[in-house]
Structure formats: structure tokens, C-alpha cells
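Next come the chains, spelled out residue by residue.
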Amino acid sequence: MLNRIFAIAKKELKQLSRDTRMLFIIFFFPVVLLIIFGYAINFDVKHIKIAVYDQDKSDYTREYVNGLISSEYFDLITYVQDESEIKRLLDEKIVQVVVVFPNDLSRKLLSKQEVKVQYLIDGVDGTTASAIQNYVNAATYSYSIKLTKEYLAVTGKNLYVPIDLQPRFWFNPELQSTKFLIPGLMGMILIVTAVISISLSIVREKERGTIEQINVSPLSSFEFILGKTIPYIFISLINATIVLVAGYILFGLVIKGDLFLLLFGTLTFLFAALGLGIFISTVADSQQVAFQAANVTSLLPSFMLSGFIFPIETMPTAIQVLTNVTPAKFYVVILRAILLRGAGISAFWDQLIYLGIFGTVFITLAIIVDKRSKGKQ
Amino acid sequence: MKTIYHFIIKELLQVKRDKKMLAIIFMAPILQLIFLGYAANMDVNIVHTTIYDQDKTETSRNFISRLVETGYFQIDYNVNSYEEITDLLNEGKTLVAIVIPKDFEKKINRRETTQLQTIFEGSDASKASMALGYIQGVTTRFSQNLITETKDKLGMKISLSGSLTPEVRVWYNPEMKSRVFMVPGILGLVLMISTISLMSMAVVREREIGTMEQLIVTPIKKYQLLLGKLIPFTMIGFVILVIVMILMTQWFGIIVRGNPLFLLFAAFLFILSNLGIGLLISTVSKTQQQAMMASVFAVMMPMIYLSGFAFPIENMPKFFQYITYAIPLRYFITIIRGVVLKGIGFSSLWLETLILLGMGVSILVLSANRFSKKIE
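These figures come from a predicted structure and were not determined experimentally.

Looking at the overall build of chain A
Regarding its fold elements, chain A presents 14 helices and five strands. Whereas a compact globule of 377 residues would reach a radius of gyration of roughly 21 Å, chain A reaches 29 Å, over 25% beyond that. Counting only C-alpha atoms, chain A reaches 95 × 45 × 40 Å along its principal axes. When each of the 377 residues of chain A is scored for burial, the buried share is 47%.

Here's what the structure looks like:
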């Protein structure tokens, strides 16, 4: 039996190693994606484009604007002379924020009144808009405190700061988002490679008709599938290693936890992902269908439902339940615990069990569907 | 003309007979748009908080209730030691631990500075800094009140100096919901994935199954073959487009503020450029497996990340910003968000529309040239 499994694995490996284009795509593009992730993608909202509609034109407003644009958060694009311009600026995305100073700003400040500075924010991107809101609030309050300070200085008192906030960030003191994204990216790359390649490689035999030769051979379907799977487990492990090594070289990602646990977690995840792939291959008759099915079950779900980018806890309950369809969700939790926090198995043992269940369910389903379709023939 | 017509009928029949294919072509975009539309939400609206209140006075309780009043902070744990904080952070159970020092109230009453320690589980940088922003907001307001409003002997509040307060108005999407922003983006994504993956298999499939040879010996010309492949897939793409548009407006209740016909036209151009990309992949690949891996890893994943769908292009380094100019999805997302959320039309979006058109045509021409009616 082992001999036969080994033979199939060897045949599959040979076939793969001849397909240099395929290997190039599988091994090279994960690194490209990692680079995109590391350098191009960040959630930091900086260099917000602002326009100023200054109806007061006083020293106060000039000082205020200088304060805003001296930080890296705001870039002054233009001054608005007329209210009607504001709409065009926001409509055409020329600026993201328009600051409006009322014409009685300095008069009110001098008479110790409260003045409202108006901010018009482009809210199309809600996340960016709420970050901008945070910044403008902070900027206004800090200017206000500065005014108070100056006022107090005249009367000979010192400003007192009641609360000094001391934030500390554990596990990621520089607040880099790259390190946080690498586990998610790794999960996504592995699941797509695993699901797509295993389902396609089995369906290809069906489509080309070579499956009939296998059917008449003494191979059992268990041996056939296991033999097909082994090479892809190796490829996935190599892929994972490439991502981790590139992560270390490019972004200084150090694996904080246990390497053996990492390997064990990855193998459990691959069991689940390959289970899904095998299931797809029993349902699909053509590579086209298998491709579409693999896309639906692995590409977007592992991107959007895995908690990789969008936090699961803010999703509606029904969707939270649905996130369980992607094994990447569990793997991302495991990877983050091991890679970033160096946590032990106590932090994620439940995820391993879920992955085990996931793989078993899909392989069982695959066996049932397979038996049925063979019965039909 | 007749040859092309027959070819189109053949392609459509093939799709129609393949029940599984038919189901998946049309069901996939529907399911994905619905589920992902609900899932795509980056708002950090719950900050899981742990409080270590060493002071336990009226002032410290007052400060905590200021936090809770914002609606962002959910206090999951009240702890009494640093060890507990360490455990909670290690296991990822809490996002931030706030330590209120023993002499919090005393120092505030003496008008001295008191230190407030906040420890974040920083592995998710964006979440942590968002939470820090909320905490900063609360402490600044708390401080501001303590500074500007000092009480006279009778307990009446008096203002020490004039002050500025921000008044924020958010346009287009006043509740700053991600859904209104994300769903149109996902529509673009879903449309791209289904059209590219359909088309990328189209030619290479005939090659792999061996039916390409039959096509070669028929008198059908190269351009007829290509049109015969393109037209049915454009039709399918258009049907998918109409379905997802209806879903967006009816299911998610997102109102298209601009001209829906202009949006359909732009989407049509977008489909053309995707089919072009798909055809290009199909002509350079030797097997379906190659075509698939190439379209996922080399085309779709980078495009998803660089399109500005979830990650703002303005935040990217210049080099990557230049790359985004080559991505059709980028232009389509700008167009659809503009039309749906801002209600703007061709007069503001003419450049994006023209670029999509130019891209569609040039990619199609390029891939048509790469395509040869030969056996290698």
C-alpha cells in the first residue's frame, strides 16, 4: 500500500517539477504579495488633504492652520474663497477635509467665549473619516489648551496638565501593521494553493480521462488521494517557509513561539484545507467548475471572513457564524498567537480542534459523494 | 458573421448544459456580495477594556464613566493586580488595560499632574491606535474641563479663557458606516473575480481537452474565434453585473445617487478590460492549472490589495501608487463610489471612464495578438 501511495506521490511530484511556470507562480508570487503587504498597505491615515475657508483671517486662524500642517497628518491643498467651492472640492476628491473658521472667531476668543470651528469631512470611507475626526478633535483641543496656557502666562500662572497619558504597546511597540498582516497573508496563500491545486489536480485526471486508467489499476481511492495530497503538503510547507523567511529578511519578523507547535498547527490547517479541496474535486467534473468553487470557498472568504483584515467581532451574528466556513480563520488565530505573542498551546488548542473537525467533515462528505457517484456509474 | 453567431450559440449552449457551472457562475457573485457585504466592516466600535483602579475614588469612577459614555469602551474585566493584566494581554482577551494610579484624585485636587498608564495589546496596530485615539479624546476633554472651568467660592463655574471646540460634519456618509463604502467596492471585486476566472480558462481549456485541434482544422478565422469567445462571456458578465447591481440597491438598500445608466456603462467597460486580462492569461498559459494560479496569485490578489478597495491608495508609498494606475479595478471603484455615494457623473469622472475604455481596448488587442490558432 505504502508503495502505491509513494508511486502516485512521485508521479505527481515529477509532473509538478516539469511545470516550471507553475512552480514559479507558486513560489515567487507569495513573496510579491508579502512585499505589497509590507510596503504598500497600511492603515495609517496620514497626509490628509485639507482646504481652509478662513472668514476671520486673523493671527489666531493663521497660527491654527500652521499648527495643523506642520504635523505629518495634514497637507494644505488650497484656500477656499467662496462657500460654493467647497462642494466641488469634496465632490471631486481634491481634498478630504474643509476647515471653516467663522468670521467672528477672534472677536469671540478675545471676549472669552467659546468658538466653534467647523470641519467638513468626506465620509465616503467611514474608517478614514473617523480617524480624521479623531485628529481634528485632538488638534482643536490642543490649540485651545495652548491658548489657555498663553492666557495664564499673562496672569503669571503656569498651565497645569491634569492627566498625563502614558500609552505602552505590548508585542508590537512600534505599532507596525505588517507583522500583524503576515499571519493572515500566510493563511490566505496556503489555503488558496492547497484548495486550488489539490482540487484541480484530481479533477484534471477526470477531465482528461486518465482517471479511468487509475480506476482500473489496483489503487484504492484512498491511496490515490493520499498520494496526490502528499506533494501538495510539501509545497505548502515550502511556501510557508518562504513567507516566514522573507518576512524575517524584509520586515524582521521573528517567530516568538515554538517552531514545533507552528509546524503542528500548519499541518492541522493543511489537513482542513486539503479536505475542502478534495471535497470540491469530488463534486466538480471540470477544472472550470473546480476553479470557480475553489474561488468561492477560499479566495474571498479567507480574505474577508478570516479576521485577517475585518475584525470578526464587529460582524453581524449570522455572518460571525458563517466565518467558520473558512479554515483560515482558525489558522490566523493560531499564527498570531505563535508568531506575534509567543503564546503556548493553551491560547489556541480549541482552534486546532475546530480545524480537525473541519477537515474530517469535508473528507467524510467527499467519501459519501464519491461512493454515490460511483454507484451511479 | 454567421460563423461567429454559431460559435456564440455553441459557447452559450455549453454553459447552459453544464448545470454545475451555470449554478456556480451566477450563485457565486450573489452569495459573495451578500455575505462579504455584511462582513466588510473595519469600524472599531468595541474596545475590550480592562480596568485596574488602584484609586477607587469618586474622581476615578467619574473618569471611567466618561470612558463608558463614549460607547466605544466595553469594560470586560476589573482587576486588582498587574499579573492579571499580563495574563489577559498574553491570551489576547483584552485590547487595552487602563491603570488608574493610587493618588489619582489626590493629585487632581492638588492640581498636580497624575499619570495614567494604558497598556495595549499592540499586535493589531490599527486597532490599537484607534483605541488610543478614543482614550486620548476622553482624557483631553476631561483635562480641558478641569482647566478651563474652575469653580469660584460659591461653586459657580467660571471660564478662564476663550476656547475652541470642533464641530464636525461628515458628508456623503454621515454615520460613517463602512457598509455604504464597502459594498460598491465588493461589487467591483466580485465582478472582476467572476469575469477574469471565467475567461482565463476559456482558450486554454480547449487546448487542454484537445478540442482546439478541431477548431484549427475548421475554416473559422482567428478573429471569429476570439469574438465567438468574447461575446458570450461579455453577455454572461453583463447578466452578473445586473444581478449584483439589483442586489446592491434592493438587498442592501444602497441608493445610487448618480445616474445608474452611466454606472452600467462604466461597469461594462470594466468587464471588457477584465475579459481582456482573462484572455491574456488564457493565451499565455499551457494548462488550466497554470491559468488559474496565474490569475489568482499574479493578477487577482495584487489587484484586490492595490485597488483602494480596503486600503486607501493615498496611504501607499509613491512607487506603489504608480502601480495602481495599471489596475482597472482602481478606476471602477472610484467611479462606482463616486456615482453611488456622491451622485457625481461623467463630468467629474470622464478621465477614469476614458482610461477604462482605453485599457479595455488595448488589453483586448494585445491578447488577441498573443493568441495564435496553432498547436505548439
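Let us keep going from here.
Structural notes on the overall build of chain B
Across its full length, chain B holds 14 helices and seven strands. Expected size for 376 residues packed as a compact globule is a radius of gyration near 21 Å; at 29 Å, chain B overshoots this value by more than 25%. The buried share among the 376 residues of chain B stands at 48%. Of the contacts made within chain B by residues no fewer than 6 positions apart, 77% connect residues no fewer than 24 positions apart.

Some remarks on the domain arrangement of chain A
In terms of domains, chain A is made up of domain 1 (2–41 + 177–376) and domain 2 (48–154). Put simply, the middle of domain 1 of chain A and the middle of domain 2 of chain A, counted by C-alpha atoms, are 50 Å apart.

Details of the domain arrangement of chain B
Domain boundaries assigned for chain B yield domain 1 (28–41 + 177–370) and domain 2 (47–159). The gap between the C-alpha centroids of domain 1 of chain B and domain 2 of chain B is 48 Å.

Description of the environment of V242(B)
Residues and elements named next belong to chain B. You can see V242 is positioned in helix α9 (residues 222–251). By the C-beta count within 10 Å, which is 12 here, V242 ends up exposed. Placed 219 residues apart in sequence, V242 and A23 show a C-alpha to C-alpha distance of 16 Å.

Some thoughts on unusual backbone geometry
Located in the positive-phi region is K57(A), a residue other than glycine, with phi close to 50°. Mapped onto the secondary structure, K57(A) falls in the loop between β1 (48–54) and α3 (59–70). On the basis of neighbour counts, which here come to 13 C-beta atoms within 10 Å, the residue K57(A) falls in the partly exposed class. Despite not being glycine, K56(B) has its phi angle at roughly 50°, a positive value.

Side note on the packing of helix α7 (residues 178–208) of chain A against helix α11 (residues 288–306) of chain B
One can describe the packing of α7(A) onto α11(B) by two numbers: an axis separation of 10 Å at closest approach and a directional angle of 165°. It follows that α7(A) is roughly antiparallel to α11(B) by the angle criterion. The two elements α7(A) and α11(B) meet at a crossing, and its hand is right-handed. Counted together, V192(A), I196(A), L200(A) and R204(A) of α7(A) and Q288(B), Q289(B), M292(B), M293(B) and V296(B) of α11(B) form the full contact between these two elements. Per-class residue counts for the contact of α7(A) with α11(B) are six nonpolar, two polar and one charged.

Describing helix α4 (residues 82–90) of chain B
All names here are of chain B. Taken together, the buried positions of α4 are occupied by I85, L88 and L89. When α4 is viewed along its axis, its buried side chains cluster within an angular range of 95° and face the same direction. Immediately downstream of α4, the backbone of G92 shows phi near 70°, a positive value.

Here's the deal with the nonpolar core
If you look at the biggest cluster of nonpolar residues, it comprises 189 residues, and the most contacted ones within it are V195(A), A273(A), A39(B), A131(B), L191(B) and F332(B). Listed in part, the 30 residues of the second largest apolar core include V52(A), Y53(A), Y64(A) and V95(A).

Quick word on the interface of chain B and chain A
Interfaces are often sized by the amount of accessible area the parts lose when they come together. Counting from both sides, the interface comprises 104 residues of chain B and, opposite them, 107 residues of chain A. Listing elements by their share of the side of chain B that touches chain A, those giving two or more residues are α2 (19–39), α4, β4 (114–121), α6 (125–148), β7 (163–171), α7 (178–209), α11 and α13 (328–342) of chain B. Sorting elements by how many residues they give to the side of chain B that touches chain A places α6(B) first, with 17 residues. When its residues are assigned to classes, the side of chain B that touches chain A shows 56 nonpolar, 35 polar and 13 charged.

Looking at the packing of α2(B) against α9(B)
When two helices pack together, their arrangement is captured by the angle between the axes and the distance separating the axes. Residue and element names in this part refer to chain B. Viewed as axis vectors pointing N to C, α2 and α9 meet at an angle of 30°, and their least axial separation amounts to 10 Å. In terms of orientation, α2 and α9 fall into the roughly parallel class. In this structure, α2 crosses over α9, and the sense of that crossing is right-handed. Residues I25, F26, P29, I30, L33 and I34 of α2 pack against I236, I240, I243, V244, L247 and W251 of α9. Of the residues assigned to the contact of α2 with α9, the class counts are twelve nonpolar, no polar and no charged.

A look at the confidence of the model for chain B
In the predicted model, chain B carries a mean pLDDT of 83, and the fraction of residues at 70 or more is 91%. Across the predicted assembly, pTM comes out at 0.78 and ipTM at 0.75.

Remarks on the environment of I220(B)
Residue and element names in this part refer to chain B. On the secondary structure map, I220 appears in the loop between α8 (211–217) and α9. When the 16 C-beta atoms within 10 Å are taken as the criterion, I220 is described as partly exposed. Measuring from C-alpha to C-alpha, the distance between I220 and S60 comes to 83 Å, with 160 residues separating the pair along the chain. Discounting residues that sit within four places of it in the chain, I220 has contacts with T3, L215 and L225.

A look at the confidence of the model for chain A
Residues of chain A with pLDDT of at least 70 account for 94%, and the chain-wide mean is 83. The secondary-structure element of chain A with the lowest mean pLDDT is strand β5 (residues 163–170) of chain A, recorded at 71, while helix α10 (residues 259–283) of chain A shows the highest, at 91.

Some points on the environment of K256(A)
All names here are of chain A. In this structure, K256 sits in the loop between α9 (221–251) and α10. Sequence separation between K256 and I345 is 89 residues; the distance between their C-alpha atoms is 13 Å. In contact with K256, other than residues within four places in its own chain, are L339, L340, R341 and G342.

About the cut-offs
Residues numbered from 1 in each chain as written. Chains lettered and ligands numbered in written order. Predicted model: local features only at pLDDT ≥ 70, side-chain atom pairs only at ≥ 80, totals over all residues. Helix = DSSP H or I, 4+ residues; strand = E, 2+ residues; numbered from the N terminus. Rg over C-alpha atoms; globule rule 2.2 N^0.38 Å. Buried ≥ 20, exposed ≤ 12 C-beta atoms within 10 Å, placed from the backbone. Contact = placed C-beta atoms within 7 Å. Domains from an automatic or database assignment. Axes fitted to C-alpha atoms, helices over the stretch in contact; angles between N-to-C directions. Parallel < 35°, antiparallel > 145°, perpendicular 65-115°, else oblique. Left-handed = near helix turned anticlockwise from the far one by under 90°. Nonpolar A, V, L, I, M, F, W, Y, C, P; charged D, E, K, R; others polar. Arc of directions from axis to C-beta. Core = buried A, V, L, I, M, F, W, Y, C linked by C-beta atoms within 7 Å. pLDDT = per-residue confidence, 0-100.

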